[in-house]
Amino acid sequence: MRRSAAPSQVLGNVSKKPRFIPPGKNNTLCLKSETKEMDQEIWIISLNYILCYFISLLDALYVPTSGTAKEEAAQEEPDCLVKYFSVVWCKASKKKHKKWEGDAVLITKGKSVILKDMEGKDIGRGTGYKLKDLDSLDEGQTLMVGGKEIEVMGVISADDFSSGRCFQAGIGTHDAVPTALSQTNMKPFCKPFKSVCQPKTKENMLKDSQSCKPRHDPNAPNALVMPRPNASHQWTFNNAGLPMVDVVVDPYVANNLRPHQKEGITFLYECVMGMRVSGRFGAILADEMGLGKTLQCIALVWTLLRQGVYGCKPVLKRALIVTPGSLVKNWKKEFQKWLGSERIKVFTVDQDHKVEEFIASPLHSVMIISYEMLLRSLDQIQAIEFNLLICDEGHRLKNSSIKTTTALTSLSCERRIILTGTPIQNDLQEFYALIEFVNPGILGSLSTYRKIYEEPIVRSREPSATKEEKELGEKRAAELTRLTGLFILRRTQEIINKFLPPKKENIIFCRPAALQLELYRKLLSSRVIRSCLQGRLENSPHLICIGALKKLCNHPCLLFKAIKEKSCDPVADEHDESSLYEGLIDVFPQDYTSDTFSETDSGKLQVLVKLLAAIHELNSSERVVLVSNYTQTLNILQETCKRYGYSYTRLDGHTPVSQRQQIVDAFNSKFSPAFIFLLSSKAGGVGLNLVGASHLVLYDIDWNPATDIQAMARVWRDGQKHTVHIYRLLTTGSIEEKIYQRQISKQDLSGAVVDLSKTSEHIHFSIEELRNLFTLHENSSCVTHDLLECDCMGKKDHQNPSSENLSVSRSCQLGQNHGKSNSKKPLSMSQLMQWKHFSGQHQTLADPFLERIKENVSFIFQNVTSPTSPT
Ligand SMILES: Nc1ncnc2c1ncn2[C@@H]1O[C@H](COP(=O)(O)OP(=O)(O)OP(=O)(O)O)[C@@H](O)[C@H]1O
Ligand SMILES: [Mg+2]
């Protein structure tokens, strides 16, 4: 017999011995028509063989199934028991020496069988078997399926099949057997445990073992001691038999750590040391914004640069931190903040400090560089041996084909950490790309991953999914979470609530101004929108319409400007946009100019002006961050600041990266004269600390909830001293409300693994969705509230939980709705239902800031998070 090529046979199964068994014996099953072609060999299954099989399972990774086999088999013979077997297969032949061609999964149901390869594709089917033969099918037996011979290697439980576990290699925890995972796209890494110190002589090693002591006292009170590696780790990485020594985080930094940060550092340590998943050294730290991911990494880097468990040898010699440009200086500052300036020298790459300097400098062991600069200096960086790579705001690596990802992947550093505060969102393929970056190959090939996880999970979330599809999708999602949970850590903000001041979050529905309403109606009646609703969406005219409506919601002057620009553009050939604007100019007053805009023409701007006045007057020492997604809108907000004499500072995409940290520091300083920080959420939303302000206004809304959440997290974070007020402004009844509804319904969708929302406006809209987007609700004070089916009608005060109105308020709570079918509801806004809410006309509002704006506000939702209250 030749050694099999089946993956399950490759790893050490040479001991498998064939044994001839006469054909026709009851341990060989075959179709009648195929009996003659059957080979007459039957195989012994020795204990060794079974062992080999299980070891080999570790070899093949997630090998998918379409997830429908169970249903397919069930359709054929609905009442029979479905069984699953792991098998090996080869083409049927009379050859004496078989060469197994692959592993497979056999599904039997009644008299039928389906054979699936390890990618989940059907590779054979058969019917007409004897019931009793299939019922008694067991290890070692062979069977003919559609021209293939198979041999049963073991039974698979229904659970292992539906979770997809039967297709994956075992990914263990600390105690796992070392895995030999498939190495899809693996780069030739440098050995992670290659000594970063000079080689030593035997005598020196002996000396070392005597002098090798923990750098810090592991028995000191509150000492943060890293877990020791298990025997298998020692076997793999300590061949020299060096003495083991406790790795203890420097108390200088450890004393400042919050409990979750201590856990996070331990987790990262275990990941990058290959102690959580054998042979894997990557991690994703996805803690919510503001939980101090930077500090956790700094503590890790500092520990590994100075210490190592085997013979005291430091694990790292050099670490590379890649971060958005606006955060390069922030990282340097944080290093200084937590380690002081004498412990470590970090090198930040910029125009004046080139990579070459780092190479030449013996002083520096940490390099911080922006993603942009990394691309420009890739050649030099590739030549440096880094032992740890940290990618801050690493969700940008969600696309494996973009330049940044390819550049970073080309670095031969196996220890990789992605930091992201944004939920690992978007589609499951982006999730795959992030995983693939930190632990290449761990989820198998993309096509395998798609079949086994993505397809069943996505399918299970579709409204038309059957019960079985839903169950399968849930199981696969749970399995994916379990597996990736070994190296992804996410904690939510609640864990630091107790260290933070209260946060008041308000969603403010602003009544549109008369001019806005008139323009809105005109836009909705345009030919372009009508034709969109008839399904004519070539060249995406609906995106132009959406853009126009969003501009109008911010301020009509933005639309005016767009119309003027279009009409002045001699080469304008975008018929859709021009015809969308047809006749609109007549709606504006004759003397209208975009420069002399009036705040009374925009509901939101009116509210903002009053709000700023209230803050300025009532809380003169507190400051405000004003956020918009659009530079043009920021211009209007800036102009408004000027008009009212408010001092301001601004950070947007045009702000030179080198100046960003300076601007942020100046604003956060208590001596800052600036009352307002104008922030473009796209340019500077991520990672910034703006704790100098305690009020934050989100002037407009993005499709992606993560963008808004990111922006809102800038002020409510460690270091904040005042109660934080967040105001999210939405134009009542307009497209903004719809986008908000979509945001929160998508957030609810974020199942066990990911948030499936889309990032850009390039979302696929159904005609029904477009119809909803292109409807103006003039008679509602809050469409979002209407959708909650709450019976308070906004007339009652839901503000005071101790008042008798509580019972009315309760009718909005989830608990009360349990009996109702949610399927009728377009949204599942469970969180929002638990917020206080009240109409703008309410007699008195407990909040002095809201009190000042109520005249222009139709409805408010409010949620207060305080150290003692649950969120
Ligand atoms: N243990 C701590 N004690 C006091 N302040 C802390 C602590 N940990 C972190 N901070 C401070 O909290 C702020 C937020 O930390 P950091 O910027 O690291 O958050 P993050 O998790 O990276 O958030 P984001 O996802 O928004 O980037 C920083 O100013 C940091 O110095
Ligand atoms: Mg950060």
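These numbers were taken from a predicted model, which means no experiment stands behind them. (Residues numbered from 1 in each chain as written. Chains lettered and ligands numbered in written order. Predicted model: local features only at pLDDT ≥ 70, side-chain atom pairs only at ≥ 80, totals over all residues. Heavy atoms only, no water.)

(A) Region of interest: the overall build of the protein chain. Counting its regular elements, the protein chain contains 36 helices and 24 strands. Relative to its 871 residues, the protein chain shows a buried fraction of 57%. Nonlocal contacts in the protein chain, meaning residues at least 24 apart in sequence, comprise 75% of its contacts between residues at least 6 apart. Of the roughly 36,900 Å² of accessible surface on the protein chain, a fraction of 52% belongs to carbon and sulfur atoms. (Helix = DSSP H or I, 4+ residues; strand = E, 2+ residues; numbered from the N terminus. Buried < 20%, exposed > 50% of the residue type's maximum accessible area, 1.4 Å probe, protein only. Contact = heavy atoms within 4.5 Å. Areas by Shrake-Rupley, 256 points an atom, 1.4 Å probe, with all protein chains shown as cover.)

(B) Layout of the site of ligand 1. Taken together, 20 residues form the shell around ligand 1, and within it Gly-290, Lys-293, Thr-294, Lys-337 and Arg-717 come nearest. In this structure, a nitrogen atom belonging to ligand 1 sits 2.9 Å away from a main-chain N or O atom of Asn-256. With respect to ligand 1, the backbone of Gly-292 contributes an N or O atom lying 3.1 Å from an oxygen atom. The fraction of the free accessible surface of ligand 1 (640 Å²) that becomes covered by protein chains is 92%. When residues of the shell around ligand 1 are traced back to their parent elements, those giving at least two are α10 (293-306) and α11 (328-343). Taken together, the residues of the shell around ligand 1 sort by class into four nonpolar, eight polar and eight charged. (Near = heavy atom within 4 Å. Polar contact = N/O pair within 3.5 Å; in protein donor to acceptor, adjacent residues only side chain to side chain. Nonpolar A, V, L, I, M, F, W, Y, C, P; charged D, E, K, R; others polar.)

(C) Representation of helix α29 (residues 705-712) within the structure. Burial analysis of α29 places seven of its eight residues in the buried class, the great majority of the element. Regarding α29, the residues found buried are Pro-705, Ala-706, Thr-707, Asp-708, Gln-710, Ala-711 and Met-712.

(D) How the structure looks around the environment of Glu-436. One can find Glu-436 in helix α16 (residues 428-438). A relative accessible area of 13% means that Glu-436 is categorised as buried. Residues Glu-436 and Lys-398 lie 38 residues apart in sequence; the distance between their C-alpha atoms is 9.4 Å. A distance of 3.1 Å separates a polar atom in the side chain of Glu-436 from the backbone nitrogen of Gly-441.

(E) Up close: the packing of α16 against helix α17 (residues 446-460). Their axes nearest at 10 Å, the elements α16 and α17 cross at an angle of 140 degrees. Taken together, α16 and α17 sit at an angle that is classed as oblique. Judged by the twist between their axes, the crossing of α16 over α17 is right-handed. Seen from α16, the contacting residues are Leu-428, Gln-429, Phe-431 and Tyr-432; seen from α17, they are Leu-446, Tyr-449, Arg-450, Glu-454, Ile-457 and Val-458. (Axes fitted to C-alpha atoms, helices over the stretch in contact; angles between N-to-C directions. Parallel < 35°, antiparallel > 145°, perpendicular 65-115°, else oblique. Left-handed = near helix turned anticlockwise from the far one by under 90°.)

(F) Representation of the state of the cysteines. Here the structure, examined in full by the defined rule, presents one disulfide. The residue that forms a disulfide with Cys-212 is Cys-312, at a sulfur-sulfur distance of 2.2 Å. Sign of the S-S torsion, about 115 degrees for the bond between Cys-212 and Cys-312, identifies this disulfide as right-handed. Of the two residues, Cys-212 sits in the loop between α6 (202-211) and α7 (231-237) while Cys-312 sits in the loop between α10 and β11 (319-323), which places them 100 residues apart along the sequence. The thiol of Cys-391 is unpaired, and the distance to the nearest cysteine sulfur, on Cys-413, comes to 9.2 Å. For Cys-391, a relative accessible area of 0% puts it in the buried group. (Disulfide = S-S within 2.5 Å.)

(G) A look at the packing of α17 against helix α18 (residues 467-484). Two elements in contact, α17 and α18, have axes separated by 8 Å at closest approach and are oriented at 125 degrees. When the axes of α17 and α18 are compared, the pair comes out oblique. For the element pair α17 and α18, the recorded crossing hand is left-handed. Two secondary-structure elements touch here, α17 through Tyr-449, Lys-451, Ile-452, Tyr-453, Pro-456, Ile-457, Arg-459 and Ser-460 and α18 through Glu-469, Lys-470, Leu-472, Gly-473, Glu-474, Arg-476, Ala-477, Glu-479, Leu-480 and Leu-483. Residues of the contact of α17 with α18, tallied by class, amount to nine nonpolar, two polar and seven charged.

(H) Here's a closer look at the environment of Tyr-646. Residue position: Tyr-646 is located in the loop between α26 (631-644) and β19 (648-651). Looking at Tyr-646, the relative accessible area reads 9%, which means it is buried. Taking C-alpha positions, Tyr-646 is 7.2 Å from Ile-676, a pair spaced 30 residues apart along the chain. Setting aside its immediate chain neighbours within four residues, Tyr-646 contacts Leu-612, Ala-613, His-616, Cys-641, Phe-675 and Ile-676. A polar contact of 3.5 Å, which involves the side chain of Tyr-646, links it to the backbone nitrogen of Ala-613.

(I) Representation of the nonpolar core within the structure. Counting 128 residues, the largest nonpolar core has Leu-320, Trp-331, Phe-335, Met-367, Leu-408 and Val-625 as the members making the most contacts within it. At nine residues, the largest contribution of residues to this core is made by α10. When sequence neighbours within four positions are dropped, the list of residues in contact with Met-367 reads Ala-319, Leu-320, Ile-321, Phe-347, Val-349, Val-355, Phe-358, Ile-381, Ile-384 and Phe-386. Of all hydrophobic cores here, the second largest spans 84 residues; its members include Ile-529, Cys-553, Leu-634 and Trp-835. (Core = buried A, V, L, I, M, F, W, Y, C linked by side-chain atoms within 4.5 Å.)

(J) Region of interest: the pattern of salt bridges. In total, this model carries 26 salt bridges according to the counting rule given. A salt bridge links Asp-246 to Arg-228, with the nearest nitrogen and oxygen atoms 3.1 Å apart. On the criterion of sequence distance, the pair formed by Asp-246 in the loop between α7 and α8 (251-254) and Arg-228 in the loop between α6 and α7 is long-range, its members being 18 residues apart. By relative accessible area, which is 18% here, Asp-246 ends up buried. On the basis of relative accessibility, which here comes to 44%, the residue Arg-228 falls in the partly exposed class. As a salt-bridge pair, Arg-490 and Glu-288 come within 3.5 Å of each other at their nearest N and O atoms. Highlighted residues: Arg-490 in the loop between β16 (488-489) and α19 (494-497) and Glu-288 in the loop between β10 (282-285) and α10, separated in sequence by 202 residues. (Salt bridge = Lys/Arg side-chain N within 4 Å of Asp/Glu carboxyl O.)

(K) The arrangement of the sheet that holds strand β14 (residues 388-391) in detail. The seven strands lie next to each other as β12-β13-β11-β14-β15-β10-β16, forming an open sheet whose pairing is parallel. Unpaired on one side and paired on the other, β12 (346-348) and β16 mark the two borders of the sheet. Bridge count for β14 against strand β15 (residues 416-419) is three bridges, and the pairing is parallel. Looking across to β15, one finds that Cys-391 is bridged to Ile-418. The strands that α10 touches are β10, β11, β13 (366-370), β14 and β15; relative to β14, the one it contacts most, it runs at about 175 degrees. (Pairing = 2+ DSSP bridges.)

(L) Representation of the side chain of Glu-479 in the model. Within the secondary structure, Glu-479 sits in helix α18. On the accessibility criterion, Glu-479 (2% relative accessible area) is buried. Reaching out from Glu-479, the side chain makes a polar contact with the side chain of Arg-482 at a distance of 3.1 Å.

Purely spatial values, then, with no claim about function.
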